[in-house]
Amino acid sequence: MQSQSLLPGKGATRRDALALLAAGVWPTLPWAADDNNNVAGLLRAGACVVLLRHAATVPGIGDPPEFKLDDCRTQRNLSVAGQQDARRIGAWFRSSNLKPHAVLSSAWCRCKDTADLAFGTHAVWPALNSTFGDRSLMPDQSKLLRQAMTRIPERQFEVWVTHQVNISSLAEQSPAMGEAFVLDRQGKLLARTTFA
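Quantities reported herein were computed from a predicted structural model and do not represent experimental measurements.

(A) Broad picture of the environment of Gly 178. Mapped onto the elements of the fold, Gly 178 is located in the loop between helix H6 (164–171) and strand E7 (180–184). Sequence separation of Gly 178 and Thr 194 is 16 residues, and the distance between their C-alpha atoms is 6.2 Å. Contact partners of Gly 178, with chain neighbours within four places excluded, come to Leu 52, Arg 53, His 54, Ala 55, Ile 89, Thr 193 and Thr 194.

See the structure below:
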């Protein structure tokens, strides 16, 4: 799957997209197929967050009934393919010479493992935890996430490894496992990619 980005029409160049971004003008247009150079350009410009859904897991929805947050053996974890995808995502960032200002993760093992395999580090942030089992938590968590976005500086970006429910709440679109949405400080969706 290719990256997708909001571009000002067919024939637009990377320079056109970056000029619009630098000017603070980003058009609301239909998604257009794009390559990862535009995603890299957005990240270099900074003032954005990469909302990364954890990589592919073993089959299932949610977690098993005996789920315990502090015991990875009780959770739905990354599959072998998911582990490979997380490493591939990290390789894309390294080959693009992009280093996140911070890598924050849900406390779920599949998110922490995605972060560690891709970036070699993470800090757990409860605001990124899954609300799949308790949707009443969603409004407060989304508010915290939106507030944190406003504080990401120019020329820096953060990676937040989290769950579909949280990303969908912020971006109003549903990501696949291992897919990322790039949002600006106002929460506007700028791009989506699998870093392929």
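Now that the structure is up, let's keep going.
(B) Looking closely at unusual backbone geometry. Phi angles above zero are rare outside glycine, and Ala 47 is one such case at about 55°. As for its placement among the helices and strands, Ala 47 is situated in the loop between helix H2 (36–45) and strand E3 (48–53). Using a relative accessible area of 9% as the deciding quantity, one classes Ala 47 as buried. Even without being glycine, Phe 195 reaches a positive phi, approximately 60°.

(C) A look at the confidence of the model for the chain. Averaged over every residue, the pLDDT of the chain is 84; residues scoring 70 or more account for 82%. Taken as a whole, residues 1–34 scores under 50 in pLDDT and shows 62 contacts with residues more than four places along the chain or in a different chain.

(D) The nonpolar core, seen in detail. In terms of nonpolar packing, the biggest core is built from 24 residues, with Leu 43, Phe 93, Val 159 and Phe 195 touching the most fellow members. Ranked by size, the runner-up nonpolar core spans 17 residues in total, among them Leu 128, Met 149, Ala 171 and Phe 181.

(E) Summary view of the packing of helix H5 (residues 138–149) against H6. Where H5 contacts H6, the axes come no closer than 10 Å and their chain directions differ by 65°. The orientation of H5 relative to H6 falls into the category roughly perpendicular. In the packing of H5 onto H6, the handedness of the crossing is right-handed. Where H5 approaches H6, its residues Met 138, Gln 141, Ser 142, Leu 145, Arg 146 and Met 149 are matched on the opposing element by Val 165, Asn 166, Ser 169 and Leu 170. Taken together, the residues that form the contact of H5 with H6 break down as five nonpolar, four polar and one charged.

(F) How the structure looks around the pattern of salt bridges. This structure, assessed with the given rule, holds five salt bridges. Residue Asp 63 is joined to Arg 110 by a salt bridge in which the shortest nitrogen-to-oxygen separation is 2.9 Å. With Asp 63 in the loop between E3 and helix H3 (80–95) and Arg 110 in helix H4 (residues 109–119), this residue pair connects regions lying 47 residues apart in the sequence. Residue class for Asp 63 comes out partly exposed when judged on its relative accessible area of 24%. The salt bridge partner of Glu 179 is Arg 192, with a shortest N-O separation of 2.8 Å. In this pair, Glu 179 sits in the loop between H6 and E7 while Arg 192 sits in strand E8 (residues 189–193), placing the two residues 13 residues apart along the sequence. Pair check on accessibility: Glu 179 and Arg 192 agree, each one buried.

(G) Just H2, in detail. Burial runs high along H2: eight of the ten residues are buried. Regarding H2, the residues found buried are Asn 36, Asn 38, Val 39, Ala 40, Gly 41, Leu 42, Leu 43 and Ala 45. Within two residues after H2, Gly 46 carries a phi angle of roughly 80°, on the positive side.

(H) Fine view of the state of the cysteines. Across all of its chains, the model carries one disulfide by this definition. Cys 109 supplies the cysteine sulfur nearest to Cys 111, a cysteine that is in no disulfide, at a spacing of 9.4 Å. The class of Cys 111 is buried, set by a relative accessible area of 0%.

What counts and how
Residues numbered from 1 in each chain as written. Predicted model: local features only at pLDDT ≥ 70, side-chain atom pairs only at ≥ 80, totals over all residues. Heavy atoms only, no water. Helix = DSSP H or I, 4+ residues; strand = E, 2+ residues; numbered from the N terminus. Contact = heavy atoms within 4.5 Å. Buried < 20%, exposed > 50% of the residue type's maximum accessible area, 1.4 Å probe, protein only. pLDDT = per-residue confidence, 0-100. Core = buried A, V, L, I, M, F, W, Y, C linked by side-chain atoms within 4.5 Å. Axes fitted to C-alpha atoms, helices over the stretch in contact; angles between N-to-C directions. Parallel < 35°, antiparallel > 145°, perpendicular 65-115°, else oblique. Left-handed = near helix turned anticlockwise from the far one by under 90°. Nonpolar A, V, L, I, M, F, W, Y, C, P; charged D, E, K, R; others polar. Salt bridge = Lys/Arg side-chain N within 4 Å of Asp/Glu carboxyl O. Disulfide = S-S within 2.5 Å.

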